[in-house]
Amino acid sequence: MSTQSIVRPNPVQKAFDRFYAGSRGGTVTVNVSHGKGIFVWDTNGKRYLDGSSGAVCTNLGHGNERVRDAMIDQANRISYAPFSTSESTDTLSKMISDLAGPGFDQTFLVSGGSEAVESAIKLARQYAIASGQPKRRKILARMPGYHGATLGAAAATGDPDRDEIFGPIMQIVPKVAAPLSYRLPEGFDVSSYADYCADALEHQILAEGEETVLAFIMEPVGGVATGALVAPDNYYSKVREICDRFGVLLIFDEVMCGAGRTGTFLATHHWPNALPDLVVCAKGLSAGYTPLGAMIAPNRIVDKVAESGGFLHGHTYAGNPLSSAIGVAVLKEMLDHDLMGNAERMGVVLRRKLNALKDRSFTIGDVRGMGLLNAVEIVEDQATKAIFPAAKQASYRVREIARELGLHLYARRTASGKFGEWFMAAPPLIITEPEIDLFMELLTETFQVFESENR
Ligand code: PLP
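Residues numbered from 1 in each chain as written. Predicted model: local features only at pLDDT ≥ 70, side-chain atom pairs only at ≥ 80, totals over all residues. Heavy atoms only, no water.

Q: Help me out: how do you make sense of the environment of Val449 in this one?
A: Examined against the element boundaries, Val449 turns out to sit in helix α15 (residues 433–453). Since its relative accessible area comes to 31%, Val449 is described here as partly exposed. Separated by 48 residues in sequence, Val449 and Ile401 place their C-alpha atoms 7.4 Å apart. (Helix = DSSP H or I, 4+ residues; strand = E, 2+ residues; numbered from the N terminus. Buried < 20%, exposed > 50% of the residue type's maximum accessible area, 1.4 Å probe, protein only.)

Q: How should I be thinking about unusual backbone geometry in this particular structure?
A: Residues other than glycine predominantly adopt negative phi, and peptide bonds predominantly adopt the trans conformation. In this chain, Met143 is followed by Pro144 through a cis amide linkage whose omega measures -5°. Its location among the elements puts Pro144 in the loop between β5 (138–143) and α7 (151–156). Although it is not a glycine, Gln393 sits at a positive phi angle of roughly 45°. Structurally, Gln393 is set in the loop between β12 (373–378) and α14 (394–405). Relative accessible area serves as the criterion here: at 21%, Gln393 is assigned to the partly exposed category. At Ala415, a residue that is not glycine, the phi angle is positive and equals roughly 45°. Mapped onto the secondary structure, Ala415 falls in the loop between β14 (410–413) and β15 (421–425).

Q: Hey, could you run me through the packing of helix α4 (residues 65–77) against helix α12 (residues 321–336) in this one?
A: Helix-helix packing is characterised by the crossing angle of the two axes and by the distance between the axes. Orientation of α4 relative to α12, taken along the N-to-C sense of each, is 155°, at an axis distance of 9 Å. Comparing the axis directions of α4 and α12 gives the class roughly antiparallel. Viewed along their axes, α4 and α12 form a crossing whose handedness is right-handed. Across from Arg66, Val67, Ala70, Met71, Gln74 and Ala75 in α4, the residues of α12 making contact are Pro321, Leu322, Ala325, Ile326, Ala329, Val330, Lys332, Glu333 and Asp336. Looking at side-chain class alone, the contact of α4 with α12 contains 10 nonpolar, one polar and four charged residues. (Axes fitted to C-alpha atoms, helices over the stretch in contact; angles between N-to-C directions. Parallel < 35°, antiparallel > 145°, perpendicular 65-115°, else oblique. Left-handed = near helix turned anticlockwise from the far one by under 90°. Contact = heavy atoms within 4.5 Å. Nonpolar A, V, L, I, M, F, W, Y, C, P; charged D, E, K, R; others polar.)

Q: Help me understand the site of the ligand, please; the structure alone is not making it clear to me.
A: Taken together, Gly112, Gly113, Ser114, Tyr146, His147, Gly148, Glu219, Asp253, Val255, Met256 and Lys283 make up all the residues around the ligand. Here Gly113 contributes a backbone N or O atom positioned 2.8 Å from an oxygen atom of the ligand. A distance of 3.0 Å is found between an oxygen atom of the ligand and a side-chain nitrogen or oxygen belonging to Lys283. Looking at the shell around the ligand, its residues break down into three nonpolar, five polar and three charged. (Near = heavy atom within 4 Å. Polar contact = N/O pair within 3.5 Å; in protein donor to acceptor, adjacent residues only side chain to side chain.)

Q: I keep staring at the sheet that holds strand β4 (residues 106–110) and nothing clicks. Help me out?
A: Strand-to-strand pairing in sheets goes through backbone hydrogen bonds, with the strands running parallel or antiparallel. If you trace the seven strands from one edge of the open sheet to the other, you get β4-β10-β9-β8-β7-β5-β6, paired in mixed fashion. What marks the edges here is a single partner per strand, and that holds for β4 and β6 (175–177). Going across the sheet, the axis of each strand differs from the next one's by a mean of 25°, ignoring polarity. As paired elements, β5 and strand β7 (residues 213–218) share three bridges and run parallel to each other. Paired with Leu140 across the bridge in β7 is Phe216. Packing of helix α9 (residues 190–208) onto the sheet brings it into contact with β5, β6 and β7, and relative to β6 it is tilted by some 155°. Across the sheet, helix α10 (residues 233–246) lies against β5, β7 and β8 (249–254), angled at about 165° from β7, the strand it touches most. (Pairing = 2+ DSSP bridges.)

This is the structure in structure tokens:
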């Protein structure tokens with residue numbers, strides 16, 4: 001029998017369009033061709049400003065030549081080296097630990113955010129057993145929140161839509177309210193609500209049985225689930241104190257907010273009195289040039305697990321030399337060009353301009369964030385903060401208009417709009433002030449069209 005009679009051409013031509021078709025917020029409609037700096041071009045030659053850094057990844061923008069050269073150089077030497085270590089992997093692990101600072105001694109490299117979250121949860125569990133606390137098994141997390149798509153990370157994700165579908169095949173973890181800052185329950189201000197949410201963590205620990213709680217995982221600066229939520233300072237110190245008091249490990253998910261995006265290498269560096277026990281990072285770590293994630297842990301945890309027989313966890317691509325070389329080049333580029341400083345400075349400029357747009361708009365309810373991790377919340381009524389009816393899919397319509405005008409935005413109706421809807425204003429960390437002006441021109445035009453449809 002000839003091969004031709006067995007292998008039939010697959011009628012589906014495009015890689016992802018059928019998977020992301022529908023109303024869940026994916027939709028792939030751009031055939032991308034190439035990118036340079038903060039811009040991406042499609043195959044028709046149309047240019048798009050990368051206003052959300054893809055999925056909040058492309059910290060260096062596109063087409064960085066130093067990263068490309070590092071990629072080629074490493075590929076010329078070796079790309080894959082399991083059961084061994086390599087110079088690039090050692091260098092990247094050390095760079096990340098050094099940038100993370102004291103107490104973050106060891107870095108475990110994986111292929112993305114979800115893998116990093118799974119790694120942290122498993123390391124925490126092994127540490128509990130190794131230190132004579134085998135009853136500690138429960139993870140607590142926040143609602144809303146996002147920790148990834150794999151089942152362990154999804155179980156910690158605070159999203160009722162996902163729970164409804166995948167709940168029966170995973171062990172959903174208990175959630176406590178995230179200290180949302182825009183729609184506050186009656187009788188609270190931002191600070192008192194954050195206190196209330198931290199107290200909720202304590203109550204949940206006691207309700208679960210304090211000796212059974214292993215870890216609390218949260219995003220120190222929110223991503224798409226909360227729309228760049230930043231809590232008041234009192235929240236972080238209170239959460240740290242509660243975790244300490246009950247022997248619960250604190251895990252910060254910095255997959256989106258880490259690697260320089262908020263103006264410091266880790267977002268936790270903004271709250272040095274509330275450092276977590278474990279941190280996970282991804283996205284900006286490789287700036288989208290390769291799949292890469294990291295779990296960062298202190299010696300006291302890693303050593304204990306090592307002494308008990310070693311970490312019972314791994315991935316085929318963990319510590320991959322090629323991804324590591326790319327990560328090293330990305331971090332060097334970020335340090336050499338002070339991109340963390342730029343994220344902080346440009347973040348201030350961007351928020352000022354977004355707030356000015358909000359003042360002229362009747363459908364922008366809130367602008368929030370830190371550094372170049374920001375969200376713009378869309379509402380039907382600024383006074384009541386009411387969201388648009390579901391049928392409008394308002395944030396996705398804004399994204400669609402923006403795309404037609406040449407601006408890429410990452411939008412989200414969290415939990416079918418239960419917590420609001422927004423898009424991320426999170427351009428690459430290389431952005432300049434004139435480029436922010438261009439971003440704002442495109443966004444202003446986007447809202448002119450969107451508001452003319454909703455008058
Ligand atoms: N955690 C957070 C806070 C994220 O924003 C994401 C992805 O957006 C993840 C985890 C999962 O990362 P990945 O998609 O690389 O698996």
